[in-house]
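One letter stands for each residue in the lines below.
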Amino acid sequence: MQAAAAPTEETVSMSISRRDVLIGGAGLAAGATLPLSSAIAQADVEKGASLRVLRPTKFVDLDQQIFDENTAAFTKATGVQVKVDYAGWEDLRPQTAVTANTGAGPDIVVGWADDPHIFSDKLIDLTALADDLGKKNGGWYPIAEKYGKKDKTNQWVSIPMGASGAPAVYRESHVKEAGFDAFPKDLDGFLKLCRKLKEQNHPAGFALGNAVGDGNAFCNWLVWTHGGHMVDENNKVTINSKETIEALKYAKALYETFIPGTLSWLDISNNKALSAGEVSVTQNGVSLYFSIKNSKDEKTAAIGKDLNHAMMPVGPLGRPSEPALIINAMAFKHTKFPKAALAYLRFMMERENYDKWLTGSSGYWAQPLKGYADSKVWSSDPKILIYRDTWERALWSGYKGSINEAAGTVNAEYVVVQMVASVCAGQATPEEAAKEAERRAKRYYRT
């Protein structure tokens with residue numbers, strides 16, 4: 001990246017005021033109609049500024065296309081050249097760590113949920129920007145606010161950009177053939193359904209490999225819905241509990257109904273299995289539904305007509321407990337152009353630009369700002385309405401404790417996923433697996 005020395009924290013804080021943020025927003029909101037020179041002046045970005053942005057690669061084609069189009073519109077409005085790089089999902093976290101630890105590389109990373117909390121001391125304060133976006137757009141969902149703020153402070157270290165929900169995706173005809181009028185809402189009914197589906201050669205399949213999205217989604221849901229949690233409200237490690245052990249016993253029984261191979265499944269694996277008609281139920285973002293529904297292959301498209309979505313079953317916890325795959329934008333202190341970085345994040349989150357991305361991506365990254373929930377995308381297909389409320393249902397990594405470096409690291413190290421997988425594979429008893437997860441978690445929570 002730029003060869004010049006990175007600005008110090010004091011330099012950054014002096015150069016970015018609330019007034020800068022608000023003036024920048026005013027100029028950028030009008031950027032499409034203002035003359036270029038006027039837009040630059042109002043945005044108050046650094047002369048000759050350029051930015052590098054890193055984000056996860058697309059799962060929906062228009063996600064990347066519209067993100068690039070919005071980026072190009074920002075360049076047209078401000079003159080700031082922006083290069084966007086796309087990383088594979090498993091590669092994004094290591095690349096973010098290199099950027100943070102070397103003080104070089106992208107100015108902005110649209111990373112995974114916990115990453116800003118792992119590297120919070122390396123990030124620009126985004127409080128003024130986040131507060132203003134919330135004030136203008138109906139406020140942030142509580143979980144989005146939790147992901148954006150540094151633990152136990154009101155300082156925003158990131159801008160949550162979207163959440164991919166994790167409800168069940170299922171074949172309606174197969175569920176009915178199994179004797180169910182609707183997708184089960186309870187754990188007993190869900191296990192009975194999966195057993196019946198296996199008998200009918202239409203098995204279930206959920207990721208048990210080190211999958212950033214699907215592995216964490218399924219395994220965290222499993223523990224949480226039974227009332228288990230990695231830590232308590234005081235960040236004391238509590239994963240080795242009777243609730244977790246019950247969850248692991250249930251996991252073993254459920255795993256016996258799965259299609260073979262799920263222990264090695266990554267994020268693309270269940271997509272392929274459902275598209276090929278190999279499984280009848282899995283857990284995924286809205287991209288899977290649309291990729292199958294819009295397939296040019298007639299056989300695959302026919303499966304799409306048979307798909308629907310439902311909340312994952314609710315267990316002893318008594319409330320929905322689906323995780324969400326969060327993308328969380330952070331601006332690093334090593335950037336030479338902090339004002340341009342702020343301006344870019346504001347531009348991408350403004351309603352007009354954001355709704356193009358939300359709608360074009362078919363709701364794949366659900367909105368973190370409450371005021372954007374009226375997007376027309378949610379009335380475009382009744383089968384995807386469930387994704388609109390992703391932020392309302394979601395629990396967070398490190399539940400019930402803080403979103404902090406320890407929570408982020410435990411998630412990144414797949415402690416919960418590997419705990420569940422070890423029991424399903426027969427490598428450990430539920431008691432042994434819970435104890436090992438406790439040991440690993442304590443290394444990061446330092447208790």
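Scroll up for the structure.
A brief report on the enclosed structure follows. Keep in mind that this is a model prediction, so the values were computed, not measured. (Residues numbered from 1 in each chain as written. Predicted model: local features only at pLDDT ≥ 70, side-chain atom pairs only at ≥ 80, totals over all residues. Heavy atoms only, no water.)

With that out of the way, let us pick up the sheet that holds strand 2 (residues 81-87). Pairing is mixed in the open sheet, where five strands are placed in the order 2-1-3-8-4. For this open sheet the edge positions go to strand 2 and strand 4 (159-164), each flanked by a neighbour on one side alone. Put simply, the sheet's adjacent strands are angled 20° from each other on average, direction ignored. Across seven bridges, the pairing between strand 1 (residues 50-56) and strand 2 is parallel. (Pairing = 2+ DSSP bridges. Helix = DSSP H or I, 4+ residues; strand = E, 2+ residues; numbered from the N terminus. Axes fitted to C-alpha atoms, helices over the stretch in contact; angles between N-to-C directions.)

Let us now look at the nonpolar core. Within the largest apolar cluster, 145 residues are counted, with the highest numbers of intra-cluster contacts made by Leu51, Tyr344 and Val420. Considering each element in turn, this core owes the most residues, nine residues, to helix 16 (residues 338-349). Beyond its immediate sequence surroundings of up to four residues, tyrosine 344 is in contact with Leu51, Val53, Phe67, Thr71, Phe74, Val82, Val84 and Ile108. (Core = buried A, V, L, I, M, F, W, Y, C linked by side-chain atoms within 4.5 Å. Buried < 20%, exposed > 50% of the residue type's maximum accessible area, 1.4 Å probe, protein only. Contact = heavy atoms within 4.5 Å.)

A cis amide bond, omega 10°, links tyrosine 399 with the succeeding residue lysine 400. Despite not being glycine, asparagine 235 shows a phi value in the positive range, around 65°. Locating asparagine 235 in the fold gives a position in the loop between helix 11 (214-225) and helix 12 (242-255). Judged by its relative accessible area of 13%, asparagine 235 falls in the buried class.

So, about the packing of helix 11 against helix 12. Across the interface, helix 11 lies against helix 12 with an axial gap of 8 Å and an inter-helix angle of 125°. Relative to helix 12, helix 11 is oriented oblique. Here helix 11 and helix 12 pass one another in a crossing that is right-handed. Where helix 11 abuts helix 12, its residues Phe218, Leu222 and Val223 lie against Thr244, Ala247, Tyr250, Ala251 and Leu254. Across the contact of helix 11 with helix 12, the residue classes break down as seven nonpolar, one polar and no charged. (Parallel < 35°, antiparallel > 145°, perpendicular 65-115°, else oblique. Left-handed = near helix turned anticlockwise from the far one by under 90°. Nonpolar A, V, L, I, M, F, W, Y, C, P; charged D, E, K, R; others polar.)

A few words on the sheet that holds strand 5 (residues 168-171). Taken together, the three strands give an open sheet; going across it, the order is 6-5-7, and neighbouring strands pair in antiparallel fashion. Either end of the sheet is taken by a strand with one partner, and the two such strands are strand 6 (281-283) and strand 7 (307-310). Strand after strand, the sheet turns through a mean of 25° between neighbouring axes, direction not considered. Two strands pair when backbone bridges link them, and strand 5 and strand 6 are joined in this way by three bridges, in the antiparallel orientation. Across the sheet, the residue bridging to tyrosine 170 is valine 281, located in strand 6.

It is worth spelling out helix 12 at this point. Across its 14 residues, helix 12 extends 20 Å between first and last C-alpha, which sits within 8% of the 20 Å expected from 1.5 Å per residue. For helix 12, the set of buried residues is Thr244, Ile245, Ala247, Leu248, Tyr250, Ala251, Ala253, Leu254 and Tyr255. Looking at the packing, one finds that the buried side of helix 12 touches helix 10 (187-199), helix 11, helix 20 (415-424) and helix 21 (430-445). (Expected span 1.5 Å × (residues − 1).)

Let us now look at the side chain of histidine 117. Tracing the backbone shows histidine 117 in helix 6 (residues 115-118). On the accessibility criterion, histidine 117 (6% relative accessible area) is buried. In terms of polar contacts, histidine 117 uses its side chain to reach the backbone carbonyl oxygen of tyrosine 147, at 2.6 Å. Excluding residues within four positions of it along the chain, histidine 117 makes contact with Lys146, Tyr147, Lys149, Lys150, Val157, Asn328, Ile403, Asn404 and Glu405. (Polar contact = N/O pair within 3.5 Å; in protein donor to acceptor, adjacent residues only side chain to side chain.)

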